[in-house]
Amino acid sequence: MSIEIAHITKDYGKKRALDDVSLQLEHGVIGLLGANGAGKSTLIHILVTALAPTRGQVLYNGRDIRDRRSGYLEKLGYMPQSPKFYKNYTAEEFLRYIAALKGMKHTGKQKIDELLAFVNLTESRKTKIGAFSGGMLQRLGIAQALLNDPEILILDEPTAGLDPRERIRFRNLVSDVSQNRTVLLATHIVQDIEYIANRIILLHEGKVCRSDTPDALCKEIGGKVWVVIAAGRDLEPLLSQHKISNIHREGNIYRVRMVCEEKPHPNALAVTPTLEEVFLYHAGEVSL
């Protein structure tokens, strides 16, 4: 199985949302990281055939997905940014309904039982969806995306609105799902993919500015992340002149982490970069 994104450009009138994007997607978790408005959702909508590109093509096993749309979609699982659920359905009823919409006539009780167990919703199978928490809804969203046992799983901002515990649980679930398939997870939250992604694609203003493993991306900016110990009176110049990734106060002293090309202060110490600081270095902002 191979997916190639070849020179994709997407224009909305005079606005260019994607600009000559080319990528190869492989097995494992691929983090599509970018600020809001970077073009992540546009790219995903093209990958799920909801949008046509202005130029370029997406190839599945060497053929344009628009030429073999039904066969391609059979291999695809998709969880949109804001999935819609019928509040009066139970979890079990909802999965049966989605299976019917997908034309999966042979999806029986055993498959649904397996998926509900996998996403830890077995005890809530008879509960109306309207009573579900945000984390339970996201896990149900994963279950419906896995109904057809897809080769490609696409998740668009899947942890939006989740509390920290549910976000950790969801990340672990995504890691488990990725063992035998390609998972593309689009997010603007670095922690969503920092520990589970095999590769990070950094999208900025519609362009791919970097694509590599998390470790390789961090090594690239070695020597460009610094810690400065500053008194309160020295803090403002640092904030106004540099990209700040973190500030920790210790009494009247501040420990400031920053990203800059050259040593920002005589007392600055170079430190090991994080993925958040890679994002800050390339995109000029960081989402926590």
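Residues numbered from 1 in each chain as written. Predicted model: local features only at pLDDT ≥ 70, side-chain atom pairs only at ≥ 80, totals over all residues. Heavy atoms only, no water.

Please explain the overall build of the protein as it appears in this structure.
Helix and strand content of the protein: nine helices and 14 strands. Each of the three principal axes of the protein carries a C-alpha extent, and together these read 70 × 45 × 35 Å. Looking at the protein as a whole, 49% of its 288 residues are labelled buried. Summarising the internal contacts of the protein: among those between residues at least 6 apart in sequence, 67% fall at separations of at least 24. Accessible surface, the protein as shown: approximately 14,300 Å² in total, 47% of it carbon and sulfur. Side-chain charges of the protein comprise 38 positive and 34 negative groups, with the mean position of each set lying 5 Å from the other. (Helix = DSSP H or I, 4+ residues; strand = E, 2+ residues; numbered from the N terminus. Buried < 20%, exposed > 50% of the residue type's maximum accessible area, 1.4 Å probe, protein only. Contact = heavy atoms within 4.5 Å. Areas by Shrake-Rupley, 256 points an atom, 1.4 Å probe, with all protein chains shown as cover. Lys, Arg positive; Asp, Glu negative; His and termini not counted. Charge placed at Lys NZ, Arg CZ, Asp CG, Glu CD.)

I would appreciate a short explanation of the domain arrangement of the protein in the present structure.
By a widespread convention, an interface's size corresponds to the accessible area lost as its parts come together. For the protein, the domain assignment lists domain 1 (76-149) and domain 2 (223-271). Its C-alpha centre places domain 1 at a distance of 48 Å from the equivalent point of domain 2. (Domains from an automatic or database assignment.)

Sorry, what's going on with unusual backbone geometry here?
Peptide bonds are mostly trans, and most non-glycine residues show a negative phi. For Asp149, which is not glycine, the phi torsion reads 50 degrees and is therefore positive. When you line up the elements, Asp149 lands in the loop between helix 5 (134-145) and strand 7 (152-156).

I would appreciate a short explanation of the sheet that holds strand 6 (residues 76-79) in the present structure.
Hydrogen bonds between backbone atoms are what pair the strands of a sheet, whose relative direction is either parallel or antiparallel. One open sheet holds the six strands; their spatial order is 6-7-8-3-9-10, and the pairing between them is mixed. Strands with a single pairing partner mark the edges of an open sheet, and in this sheet they are strand 6 and strand 10 (207-212). Averaged over all pairs of adjacent strands, the angle between their axes in this sheet comes to 15 degrees, without regard to strand direction. Alignment of strand 3 (residues 28-33) against strand 8 (residues 182-187), held across six bridges, turns out to be parallel. Within strand 8, the position partnered with Leu32 by the bridge is Ala186. The sheet strands contacting helix 1 (residues 40-47) are strand 3, strand 6, strand 7, strand 8 and strand 9 (199-204), and the helix crosses strand 7 at an angle near 150 degrees. (Pairing = 2+ DSSP bridges. Axes fitted to C-alpha atoms, helices over the stretch in contact; angles between N-to-C directions.)

I keep staring at the packing of helix 3 (residues 91-101) against helix 5 and nothing clicks. Help me out?
In a pair of packed helices, the angle between the axes and the distance between the axes together describe the arrangement. Here helix 3 crosses helix 5 at 30 degrees, and the two axes come no closer than 10 Å. Considering how the two elements wind past one another, helix 3 and helix 5 form a crossing that is right-handed. For the pair helix 3 and helix 5, contact is made by Ala91, Phe94, Leu95 and Ile98 and by Leu140, Ala143 and Gln144, respectively. Grouping the constituent residues of the contact of helix 3 with helix 5 by class yields six nonpolar, one polar and no charged. (Left-handed = near helix turned anticlockwise from the far one by under 90°. Nonpolar A, V, L, I, M, F, W, Y, C, P; charged D, E, K, R; others polar.)

For this particular structure, what's the right way to read the sheet that holds strand 4 (residues 55-60)?
Spatial ordering of the open sheet is given by 2-1-4-5, a layout of four strands whose pairing is antiparallel. This sheet does not close on itself; its edge strands, each paired only once, are strand 2 (15-25) and strand 5 (63-64). Sitting on the sheet, helix 1 is in contact with strand 1 (3-12), strand 2 and strand 4, with an inclination near 120 degrees to strand 1.

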